[in-house]
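Understanding the architecture of this molecule
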Amino acid sequence: MALDPKDFPVEEHALPNGLQIRLLQDRSLPVATLYSFFRVGSRNERPGITGISHLFEHMMFNGSRKYGPKEFDRRLESAGGSSNAYTSNDLTAYYEDFASDALPLVLDLEADRMASLTIDDASLAREREVVKEERRFRTDNDIDGMMDEALGALTFLAHPYRWPVIGWMTDIEAITRQDCEQYFRTYYAPNNCTLVLVGDFDGKSALGLIERLYSPIPSGGRLPPVPTGEPAQKGERRAVIRYPSHAPAVLVGFRGPHGRDPDSLVLDLIEAALSSGEGARLKRALVYQQELCVDAHVFFGWRVDPGPFEVSLKLNPGIDPARAESSLWAELSRLCDEPMRVPELERAKNLVRAQFLRGLQTSNGRSHTIGQMEVMLGTWRALLDLPDRYAAITAADVQRVARKTFMPHRRNVVTLFPGEVEP
Amino acid sequence: MIADVALPPLAIEKLPSGLTLLALQKRGLPLFHARLSLAAGACEDPRGKAGLAQFTVDLLRRGTRRRPAQDVDDLIESMGAHLSADVSMEEAALALTVPADLADRALDALLEVALEPAFEENEVSSARRRTVASLQSDLDEPSTVAARAVVTLGYGPTHPYAHPTQGWRRDVETFRPEDARGFHATRCQQNGGLFAVVGQDEPQRLLSMLRQKLTQWQASWPGPAQRQPLHFSALPPGEGLRAVVVHKPDATQAQVRIVAPGLPRTTPRYAEAVVTNTGLGGGFTSLLVDAIRVDRGLSYSVSTRLHMNRRAGLSVFSSFTKNETLRELIDVALEKMRAYAAAGPSEDALDKARRYLAGLFPLGLESHEALAEQIADAILDGVGLDHLAKYRSRVLAVTLDQARSIAGEISPARPGAQLVVVGEADVARRALNGLCPVDVRQLDEFA
């Protein structure tokens with residue numbers, strides 16, 4: 001069942017400088033969320049400055065012409081709001097949740113930093129240390145993080161998805177103020193941004209405010225092309241990590257389609273069938289029946305370019321990773337060899353549909369979904385017929401996409417063994 | 001102007017059995033949410049059986065008297081739902097959200113799982129092995145180890161809150177079907193429980209549906225049972241700072257917690273406490289974030305939190321830093337927290353904290369799940385609906401004098417504080433040299 005456009009009266013606007021604006025009013029609670037989506041992520045980087053997208057995200061909170069250092073969040077919190085941001089391989093998103101009467105301030109804060117961000121050596125030096133701490137936390141001292149980093153480098157040889165979003169430590173240390181300034185001029189122009197406002201506001205006055213604040217910001221130039229080539233994988237690739245952990249782990253990746261490819265929706269259903277809920281295939285087989293794993297999880301997210309479909313197995317202490325792998329290959333083969341039965345396919349569809357609906361419950365969730373549809377699928381309207389597109393997927397589609405994706409010679413496998421690295 | 005937020009249309013009824021029914025109307029998305037809260041929290045774990053509440057609740061879906069575990073999974077997940085089974089110190093809550101047209105099926109599924117678990121021998125043994133493996137794996141996550149150490153050390157050796165909800169491996173290894181059956185029979189009681197639903201219908205219609213459904217399942221509830229009253233002793237009195245270092249080999253970064261006795265959720269000074277804590281380490285522009293992250297770049301994450309349970313609470317400072325700056329981070333944190341405990345926030349900082357909390361408060365009422373949980377907790381904790389309905393005005397009314405007077409009581413650095421470091425023992429011992437007595441423990445002690 002498609003979503004009714006009457007329930008999603010999104011207004012679409014654009015400024016002459018290229019800024020895209022999406023507005024959705026909801027007066028039920030006195031709060032709103034503003035997202036600023038910039039079409040830049042780690043795929044826009046190059047070796048030597050990996051991690052600059054994420055480091056730059058931190059720099060965006062360090063002051064601009066009108067609002068000096070520490071002012072952005074101080075003013076926002078004083079008005080009943082909070083901010084955060086995230087960087088992915090494909091995009092960088094900034095958001096503010098706030099009491100609705102803070103809207104003029106929020107827009108002024110965002111427009112001011114897009115127009116006139118301050119980048120100085122002292123704040124770069126401090127932020128660099130914060131990011132290095134974040135890297136130590138999420139990657140260097142975290143099993144999932146260190147395995148994911150190894151898998152990226154294994155799955156991609158040429159594409160920028162090869163390096164981690166947070167960047168290599170040596171690159172984080174080497175990024176200069178000039179790199180940041182160049183980066184800002186290139187990617188943080190209004191023509192590379194979509195603004196999404198959802199919540200309690202008056203549409204006409206909000207649009208007027210946005211026009212007044214953002215129109216003076218000049219459009220940027222053409223964006224540099226991204227080297228998206230990647231040679232075909234001709235054989236299984238493996239990496240081993242030794243770390244003083246209490247249990248082994250296996251992380252597997254297959255290169256999949258890009259987000260606009262209809263097969264991505266099929267992989268969403270395969271993800272649900274394999275790992276969403278306690279009755280999912282991998283949970284049932286590897287966790288409950290064979291007792292090989294503490295957890296078995298699939299990660300698949302839409303990417304601008306062909307991205308990875310990943311399976312993470314957290315093994316029970318003492319389990320041989322080869323045994324768990326063998327069970328995983330058997331489950332993936334079953335997807336390729338046997339058509340999925342109707343109740344299981346319906347289960348996967350219902351789980352994906354319900355997850356989609358639950359994601360629309362909050363202003364933040366609606367705002368994020370609208371922006372993500374714009375960046376990944378080209379239009380927010382894609383969300384309206386998404387439920388219908390999932391509903392139309394057949395068991396034959398699942399089998400076809402599984403066969404295309406899970407070929408043995410396209411496997412990339414990272415295995416973590418408990419133990420010290422030998423000197 | 002930040003005004004109080006009107007709660008959505010709702011109806012409440014307390015049954016003679018002691019079960020409270022709560023119905024909330026939420027228009028918009030065609031979703032239905034149900035949440036059954038029972039007085040079966042981790043504080044009810046018998047001595048030597050830490051983790052039994054969580055273990056029992058996890059087992060509820062592993063087979064009922066009507067169907068095996070796999071069929072229970074299919075029953076729930078075919079509706080597109082995930083059944084959450086959360087155990088806090090005070091209560092166990094089963095909850096699920098489904099498309100609105102599946103409300104009836106969802107209530108049946110939830111009640112079947114809650115009231116008719118089978119606790120078969122093979123499922124109990126399997127769950128025991130899974131839980132033990134999971135506790136062992138958790139040792140690889142330094143922040144999880146730190147959290148387990150905080151509750152244990154913070155509440156002292158005999159307090160009912162003094163263990164993680166997941167329990168201890170040594171206790172979980174002893175769990176047998178009769179333990180789970182006994183816990184379920186005595187704690188799955190209507191008295192002290194609350195059944196909440198959120199849907200598109202008017203509250204009275206929702207309430208009527210709930211009553212009808214409970215009548216159908218009336219015979220499945222365990223019979224009345226007596227439970228031993230819990231003894232909530234006062235938290236350990238204040239002494240000098242002490243440190244526990246949990247040795248994590250090869251760590252290049254140390255997790256740091258500073259924990260001290262705090263306030264319960266039922267404190268009449270709740271608003272003053274949360275506002276004052278926000279100024280210290282609650283928001284992104286708090287005193288500690290400014291000093292540790294923004295000014296010095298010592299950490300990515302810094303916070304202070306009030307862990308408020310119904311009858312006692314803790315104040316906890318959390319952060320992490322590379323090994324080389326461990327002592328610097330601790331020194332800055334202690335110095336700032338002690339100064340704040342003595343002087344409280346500035347007028348500007350207080351105003352910012354008040355408006356920050358008041359402005360963001362409605363976000364916690366947006367989703368079906370959050371709405372049900374917030375209102376159910378307000379009722380069960382005995383703080384009443386005004387706790388939410390008047391939240392904004394209460395927070396905005398906190399004065400500088402009130403904030404200054406409570407600053408010392410919510411400070412994680414108050415006398416009797418304990419420092420927890422999860423990291424390389426030799427590095428941590430050197431860093432803490434001269435600061436306070438240090439007790440080094442092994443990771444396995446926290447499994």
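Reading the values: the criteria
Residues numbered from 1 in each chain as written. Chains lettered and ligands numbered in written order. Predicted model: local features only at pLDDT ≥ 70, side-chain atom pairs only at ≥ 80, totals over all residues. Helix = DSSP H or I, 4+ residues; strand = E, 2+ residues; numbered from the N terminus. Rg over C-alpha atoms; globule rule 2.2 N^0.38 Å. Buried ≥ 20, exposed ≤ 12 C-beta atoms within 10 Å, placed from the backbone. Contact = placed C-beta atoms within 7 Å. Core = buried A, V, L, I, M, F, W, Y, C linked by C-beta atoms within 7 Å. Domains from an automatic or database assignment. Nonpolar A, V, L, I, M, F, W, Y, C, P; charged D, E, K, R; others polar. Pairing = 2+ DSSP bridges. Axes fitted to C-alpha atoms, helices over the stretch in contact; angles between N-to-C directions.

Another aspect to go through is the overall build of chain B. In terms of helices and strands, chain B carries 17 helices and twelve strands. In terms of overall dimensions, chain B is globule-like: its C-alpha atoms have a radius of gyration of 23 Å, near the 22 Å expected for 447 residues. Along the three orthogonal principal directions, the C-alpha set of chain B runs to about 65 × 55 × 40 Å. Going through the 447 residues of chain B one by one, you find that 55% of them count as buried. Residue pairs at least 24 apart in sequence account for 80% of intrachain contacts in chain B once pairs closer than 6 positions are excluded.

Bringing the overall build of chain A into the picture now. A tally of regular secondary structure across chain A gives 15 helices and eleven strands. Here chain A has a C-alpha radius of gyration of 23 Å; the compact-globule value for 423 residues is 22 Å, and the two agree. Principal-axis analysis of the C-alpha atoms places the extent of chain A at approximately 60 × 55 × 35 Å. Within chain A, the fraction of its 423 residues that count as buried is 51%.

The next subject is the nonpolar core. In this structure, I270(A), L313(A), A106(B), L110(B), A196(B) and V420(B) are the most contacted members of the largest nonpolar core, which totals 258 residues. Those residues in contact with V420(B), other than ones at most four positions away along the chain, are A146(B), A149(B), V150(B), L153(B), V244(B), R257(B) and V259(B).

Looking now at the domain arrangement of chain A. For interface size, the figure often reported is the accessible area lost on association. All names here are of chain A. Considered domain by domain, chain A is made up of domain 1 (5-214) and domain 2 (237-418). Taken together, the contact pairs 34 residues of domain 1 with 29 residues of domain 2. For the side of domain 1 that touches domain 2, the secondary-structure elements that each account for two or more residues are β2 (20-25), β3 (31-38), β5 (92-99), α5 (143-155) and β6 (193-199). Take the side of domain 1 that touches domain 2: its biggest share by element is eight residues, from α5. Among the residues forming the side of domain 1 that touches domain 2, the class breakdown is 20 nonpolar, seven polar and seven charged.

Residue and element names in this part refer to chain B. Domain assignment breaks chain B into domain 1 (10-220) and domain 2 (242-344 + 408-446). Each of domain 1 and domain 2 was reduced to a C-alpha centroid, and the two centroids are 32 Å apart. Across the boundary between the two partners, domain 1 contributes 13 residues, which contact 17 residues of domain 2. By residue class, the composition of the side of domain 1 that touches domain 2 is nine nonpolar, two polar and two charged.

Below, the discussion takes up the sheet that holds β5(A). In a beta sheet, neighbouring strands are held together by backbone hydrogen bonds and run either parallel or antiparallel to one another. Residues and elements named next belong to chain A. In spatial order, the strands read β1-β2-β6-β3-β5-β4; together these six strands make up an open sheet with mixed pairing. Here the strands that pair on one side only, and so sit at the sheet edges, are β1 (11-14) and β4 (81-87). Here the average twist between neighbouring strands, direction ignored, is 15°. Sheet topology places β2 next to β6; six bridges connect them, and they run parallel. Note that in β6 the partner of L23 across the bridge is L197. Across the sheet, helix α1 (residues 52-59) is in contact with β4 and β5; its angle to β4 comes to roughly 165°.

Once that is clear, we can look at the packing of helix α2 (residues 71-78) of chain A against helix α12 (residues 347-360) of chain B. Two numbers describe a pair of packed helices, the interaxial angle and the distance between the axes. Relative to each other, α2(A) and α12(B) sit at 65°, their axes nearing to 7 Å. Taking contact as the criterion, the partners of R74(A), E77(A) and S78(A) in α2(A) are, on α12(B), D351(B), K352(B), R355(B) and Y356(B). Considering only residue class, the contact of α2(A) with α12(B) consists of one nonpolar, one polar and five charged.

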